[in-house]
Each structure stands twice: as C-alpha cells, then as structure tokens.
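Structure assessment
If you want the building blocks of each chain, they are given just below.
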Amino acid sequence: MNFKRVFTIFLRQVFLLKRSVHRLVGIFYWSALELFLWGFLTVYLERIGGAEFGVITAVIGTVILWNFLMRIQQGIAISFLEDVWARNLMNLFGTPLNFKEYVAGLVLVGVASAVVSGMVMIAVAWFLFSYNLFQFGFLIVPYVLVLFFFGLALGMYTTAMILRFGPSSEILAWSIPALIPPFSGVFYSISTLPSWLQTVAFFLPPSHVFEGMRSVVLSGVFDSSRLFFAGILSVIFFFFAYWLLLRTYRFVLREGKFTRLQTE
C-alpha cells in the first residue's frame, strides 16, 4: 500500500471543502443543530425532574458520541459519492491507485471529519452547558474505539451497497445510520424495547456502549465485560464490511457494471 496515494485521496476531499463552503458548513451544521436541540431539551427535563437524575450528563455525551459515529460513516460514504457524482472513478482507477488504497483514503477522510466535528461539539457543549465529555477520564477511550470501528463498518457497508446497486441507492448513505439508534438504545435504555428487539440490540455494538455509559453516569458501575463484548462485535462488523466491500468491487468489475457509476 502506497501511503502517498492514500493521502492523495484524502487531500482531494480537503480541496473540495476549500472550494465549496456549503460542504464545509455541512460538517458542522447538523452536529451543532443536534447538540442545540438535545442540549436545551435536557436542560428543560433536568429542571423538571431534578439535577439528581444527571440528564445532561447522560444525553449530551450520547449526542456527541453518536455524532462521532455518524461522521465517520458519512465521511466514507459521502466521499465515495463525491467521486460518483463527479464521474471521477474511472479516472482514479486508471492510475496506479488500487482499491485498498482508495478505501484507506476514504477512511482517513471519515476519521478527520469525525474528529473535527467532535471537537467542535465538545467545545459548544462546554460553552453552552458547562458539559465536559472528559469527565469519564480514560473510560471514554474504549467507548470511542468501539464506535470508531463500528462507524468504519457502517461506512464501508454503505459504500458497498452503493457500488453494487448504483448511484440511485445514494439514499443509503443517510438512511442506514438512521436505522441504528432505535435498536441500539442510544437515547433510552434497552429495557424499554420489546424482548425480540432487545435480542437485536444485543448484537449491535453501540447498544453496549451507550448502556455502559448510562450505567457509569447513573450508578457509577463500569461493566468491563459488556465493553469487551462490544469491542469484539465492532471488530467483527469491521472485517465483515471490509470483506464485503472488496468482494462487491470485484463482482462489479467482473460483471462489467463498474461503468454504470459513470453513466447513471
């Protein structure tokens, strides 16, 4: 793998942001809007229910971490769509660039957008709500790592679906991550779900992350076994998504459907 070519894919997206203000604003707009909405809602709920419930600590941290996951996923998927919309894929793969280097470049874009967006949200949360995400100390690191690998998996899975079904399936870039919160207990406890949905949630890494965070906030209990299981699940999702993406790419090439991305 040539890291210069990987960095070139990343640098192309940076140049796109510099030349297009609306793309740059899009990185921060939805994140800030979501934080404003949930932040002031939790302030209201905390005033009604009393500060002892720790609503702000539980919910705002959840919003920031969920945004981190989504930014990784969308950074990968939207960057791929940028090349599809510009009909640039044939140009890219007409060079020595191989598909693994291209995917690595997209991952780098997703990570960068997630880190920048996350830093902005952390700063806004501190300024508006005096909320410090780092109050969890080093416990926040394994939670972030689990969401990081799962976000990469979602991004590569979305890219594989768009690659397989064509640009008309671009709605998947936004709809796939929206399917996760209802089944992962992102904003509420898994126990509120029906029993069969609790089974689904058990196999989704984010459910263990956010349940674990609520446990730390509300009862001060850190469940390392739950976090370890979530880590294993996220790594499995990651490698499966990477395998699926490579397999889909080879299938599209073999069936002669790659040029469809240039014409639809």
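These numbers were taken from a predicted model, which means no experiment stands behind them.

Calculation criteria
- Within any chain, residue numbers begin from 1 and follow the written order of that chain's sequence.
- Reporting of local features is limited, given that this is a predicted model, to residues whose pLDDT is at least 70; pairs of side-chain atoms are given and counted only at 80 or more, and all residues count toward the totals for whole chains, interfaces and linings.
- Side-chain metrics in this entry use all non-hydrogen atoms of the structure; hydrogen atoms and water are not considered.
- Here a helix means four or more residues in a row that DSSP labels H or I, a strand means two or more in a row labelled E, and each is numbered from the N terminus.
- Only protein chains enter the calculation, and the probe is 1.4 Å; a residue is then buried if its accessible area is under 20% of its type maximum, exposed if over 50%, and partly exposed in between.
- Whether two residues touch is decided by their heavy atoms; if any such pair falls within 4.5 Å, the residues are in contact.
- Reported accessibility uses the Shrake-Rupley method at a 1.4 Å probe radius. Residues are deemed covered only where the shown protein chains occlude them.
- Side-chain rings of Phe, Tyr and Trp (the six-membered ring for Trp) are treated as a pair once their centres are within 6.5 Å; stacked means planes under 30 degrees apart, edge-to-face means over 60, and tilted covers the remaining angles.
- Nine residue types can take part in a nonpolar core, namely buried Ala, Val, Leu, Ile, Met, Phe, Trp, Tyr and Cys, and a core is a set of them joined through side-chain atoms within 4.5 Å.
- An expected span of 1.5 Å times one less than the residue number is assigned to each helix.
- Relevant arc is that of directions from the helix axis to the C-beta atoms, nothing else.
- Counting of polar contacts relies on pairs of N or O atoms within 3.5 Å, with two restrictions inside protein: one atom must be capable of donating a hydrogen and the other of accepting it, and residues adjacent in sequence are counted only when both atoms are side-chain atoms.
- Every residue carries a pLDDT, the predictor's confidence in it, which falls somewhere between 0 and 100.
- Here, a salt bridge means any Lys or Arg side-chain nitrogen found within 4 Å of an Asp or Glu carboxyl oxygen.
- Axes here refer to lines fitted to C-alpha atoms; in helices the fit is confined to the stretch in contact. Angles between the N-to-C directions go from 0 to 180 degrees.
- What sets the label is the angle itself: under 35 degrees gives roughly parallel, over 145 gives roughly antiparallel, 65 to 115 gives roughly perpendicular, and the rest give oblique.
- Left-handed describes a crossing in which the near helix is turned anticlockwise from the far one by less than a right angle; the clockwise case is right-handed.
- Residue classes follow a fixed rule: Ala, Val, Leu, Ile, Met, Phe, Trp, Tyr, Cys and Pro count as nonpolar, while Asp, Glu, Lys and Arg count as charged, and any other residue, Gly among them, counts as polar.

A short note on the overall build of the protein
When its secondary structure is counted, the protein shows 12 helices and zero strands. Reading the secondary structure of the protein in the N-to-C direction produces α-α-α-α-α-α-α-α-α-α-α-α. Split into buried and exposed, the 264 residues of the protein put 48% on the buried side. Taking the intrachain contacts of the protein between residues at least 6 apart in sequence as the baseline, contacts between residues at least 24 apart amount to 77%. Just so you have it, the protein exposes about 13200 Å², and 71% of that area is on carbon and sulfur atoms.

Structural notes on the environment of Asn132
Within the element layout of this structure, Asn132 appears in the loop between α5 (99–129) and α6 (140–165). On the basis of relative accessible area, Asn132 is assigned to the partly exposed category, the value being 32%. Separated by 10 residues in sequence, Asn132 and Ile122 place their C-alpha atoms 7.4 Å apart.

A closer look at the environment of Trp30
Residue position: Trp30 is located in helix α2 (residues 21–49). Accessibility expressed as a relative area gives 56% for Trp30, which makes it exposed. Residues Trp30 and Ser117, spaced 87 residues apart in sequence, show a C-alpha to C-alpha distance of 9.8 Å.

As for the packing of aromatic side chains
Centre distance and the angle of the planes are the two values used to describe a pair of aromatic rings. This model, assessed by the stated rule, comprises 12 aromatic pairs. Residues Phe7 and Phe10 carry aromatic rings whose centres are separated by 5.7 Å and whose planes lie at 40° to one another, so their mutual orientation is tilted. Remark: Phe10 and Phe7 occur in helix α1 (residues 3–19); sequence separation between them is three residues, near one turn of the helix. According to the relative accessible area criterion, Phe7 is partly exposed, its value standing at 42%. Assessed through its relative accessible area of 18%, Phe10 is described here as buried. Three or more aromatic residues joined by ring pairs form one cluster here, namely Phe80, Phe99, Tyr102 and Tyr249.

A closer look at the nonpolar core
The biggest cluster of nonpolar side chains holds 67 residues, and the ones touching the most others in it are Phe80, Leu89, Phe93, Phe99, Tyr102, Tyr131 and Leu163. Among the secondary structure elements, those contributing two or more residues to this core are α2, α3 (55–85), α4 (89–93), α5, α6, α7 (172–178), α10 (205–219) and α11 (224–254). Broken down by element, the residue count for this core peaks at 16 residues, all from α3.

Let's talk about α1
Counted at 1.5 Å a residue, the expected span for α1 with its 17 residues is 24 Å, and the 24 Å between its end C-alpha atoms agrees. Restricting attention to buried positions, one finds in α1 the residues Val6, Ile9, Phe10 and Gln13. Taken end-on, α1 shows its buried residues confined to a sector of 90°, consistent with a single buried face. Turned more than 90 degrees from where α1 packs its buried face, Lys4, Lys18 and Arg19 sit exposed. Its side-chain oxygen placed 2.8 Å from the backbone nitrogen of Lys4, Asn2 serves as the N-cap of α1.

Side note on the confidence of the model for the protein
Model confidence for the protein is summarised by a mean pLDDT of 82, while 89% of its residues fall at 70 or above. Put simply, helix α12 (residues 260–263) is where the protein has its lowest mean pLDDT, 61, and α11 is where it has its highest, 91.

Observations concerning the pattern of salt bridges
Under the definition given, this model contains two salt bridges. Where Arg5 meets Glu101, a salt bridge forms, and the shortest distance between an N and an O atom there is 2.9 Å. Note that Arg5 is positioned in helix α1 and Glu101 in helix α5, a separation of 96 residues in sequence. Exposure remark for Arg5: the relative accessible area of 28% places this residue in the partly exposed category. With relative accessibility at 1%, the residue Glu101 sits in the buried group.

Details of the packing of α5 against α11
Put simply, α5 and α11 touch, their axes get as near as 11 Å, and they point 135° apart. Of the possible angle classes, the one that applies to α5 and α11 is oblique. Both α5 and α11 take part in a crossing whose hand is right-handed. Contact residues: Phe99, Lys100 and Val103 in α5; Tyr242, Leu245, Leu246 and Tyr249 in α11. Residue composition of the contact of α5 with α11, grouped by class: six nonpolar, no polar and one charged.

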